[in-house]
Amino acid sequence: MIILVKKNCEIEKLDSLINRIERHGLKTDTFNCEDYVVLSVSGDLSKIDVEAVRANDIVLGIKRVTEPFYLASRKNKKRDTVVDVCGRKIGGGNFCFIAGPCAVESEKQIVETAIQLKKAGVQILRGGAFKPRTSPYSFQGLGVEGLKYLSQAKKETGLPVVSEITSVNQLDLFSDIDVLQIGARGMQNFELLKEVGKSNKPILLKRAISATIEEWLLSAEYLLSQGCKDVILCERGIRTHEPTSRATLDLSSIPVLKELTHLPVIVDPSHASGNARYVKSLSLAGVAVGADGVMIEVHPSPETALSDGAQAVTPSVFNDIYKDVTRILPIINKRID
Ligand code: PEP
Ligand code: MN
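Residues numbered from 1 in each chain as written. Chains lettered and ligands numbered in written order. Predicted model: local features only at pLDDT ≥ 70, side-chain atom pairs only at ≥ 80, totals over all residues. Heavy atoms only, no water.

A. Layout of the coordination of the manganese ion (ligand 2). Donor atoms from the polypeptide that bind the manganese ion (ligand 2) are Cys-102 (SG), His-271 (NE2), Glu-297 (OE) and Asp-308 (OD), placed at 2.1 to 2.4 Å. Each donor residue of the manganese ion (ligand 2) lies on the same chain, and together they follow the pattern C-x168-H-x25-E-x10-D. With Glu-297 in strand S14 (residues 293-297) and Asp-308 in the loop between S14 and helix H10 (315-328), this pair connects stretches of sequence that are 11 residues apart. As far as burial versus exposure is concerned, Glu-297 and Asp-308 are alike and both buried. (Donors = N, O, S within 2.8 Å, 3.2 Å for Na, K, Ca; no water. Helix = DSSP H or I, 4+ residues; strand = E, 2+ residues; numbered from the N terminus. Buried < 20%, exposed > 50% of the residue type's maximum accessible area, 1.4 Å probe, protein only.)

Here it is as structure tokens:
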């Protein structure tokens, strides 16, 4: 980060600014230029309050030459993070299929879906028990009962499971859940991020509906700063002016993230499109731009689904998507571990 300081400011004020920055373990260098003094700052910028520095009366301006996140940054860790979920790897060339219904609806529904998905080759089963719905009158999920049915599906198939946690109070209930999902609506629930970041479980962090990539990575930074090492980013589409799909899948975020961060990134074509007909094309597109996995909503009878039925594919359509996606993996140097 570069701080531009007034040329003839009181030296005590400059020293005090430098002390305040260096106190946090950051390194500074001063350069005298014609019109101002350049103060370059390197190290973990998250340790200083950039806005407080900007408000200092000797500061003319601040230019960021590095990102505001540090632990998530590729500059901090060059090699790809590989997240291991009960032996299923994501990232660093390892591709992963996550699939299952939007919501767990009954023991039969989740167990039968899990059996079919296991046969199809899926690595991780998904299913929501606590559903953050836009309307308070929509199905809110089975809650604890849903988590119990997910555990049953895990026991019968050996598939690890991912499910969304919506409140800090639920943490104890998720002991048998292998990956905690932070949904689009929870991405900026910072108190939730701080608590799940301490949980020792891998976390699937979805992009909020209107979040920039920087805001998303700062949410990942919350998790990493609490000691969590296994964060999987999930691009699920963002809100744009375009009404023909539920969201707009931001495919460009994948190569951008690959430069900015070492964390694995997966694509969720189901919530991005909101339409089962587009799920296959968007899955293939996500893989082609470098995603480390896909998360697809699958329901045995989408027309009766209690949530997100329009975007759910049947197990047989999923089979078809699986086959085509796996055909292109070798071309982009990816494999399923
Ligand atoms: C979900 O995965 O079912 C979900 C609610 O997704 P999102 O948070 O991306 O809307
Ligand atoms: Mn859903």
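B. Spatial organisation of the site of ligand 1. In the region of ligand 1, the neighbouring residues are Cys-102, Arg-126, Lys-131, Glu-164, Gln-181, Gly-183, Ala-184, Arg-185, Lys-206, Arg-236, His-271 and Glu-297. Here Gln-181 contributes a side-chain N or O atom positioned 2.9 Å from an oxygen atom of ligand 1. Within the side chain of Glu-297, an N or O atom sits 3.3 Å from an oxygen atom of ligand 1. Protein chains bury 97% of the 300 Å² of accessible surface belonging to ligand 1 in isolation. Grouping the amino acids of the shell around ligand 1 by side-chain chemistry returns two nonpolar, three polar and seven charged. (Near = heavy atom within 4 Å. Polar contact = N/O pair within 3.5 Å; in protein donor to acceptor, adjacent residues only side chain to side chain. Areas by Shrake-Rupley, 256 points an atom, 1.4 Å probe, with all protein chains shown as cover. Nonpolar A, V, L, I, M, F, W, Y, C, P; charged D, E, K, R; others polar.)

C. Geometry of the state of the cysteines. One pass over the structure, following the stated rule, counts zero disulfides. Considering cysteine sulfurs only, Cys-96 is the nearest to Cys-86, which forms no disulfide, with 11 Å between them. Note on Cys-86: relative accessible area 47%, which makes it partly exposed. No disulfide involves Cys-234; its sulfur sits 11 Å from the nearest other cysteine sulfur, which is in Cys-96. Assessed through its relative accessible area of 0%, Cys-234 is described here as buried. (Disulfide = S-S within 2.5 Å.)

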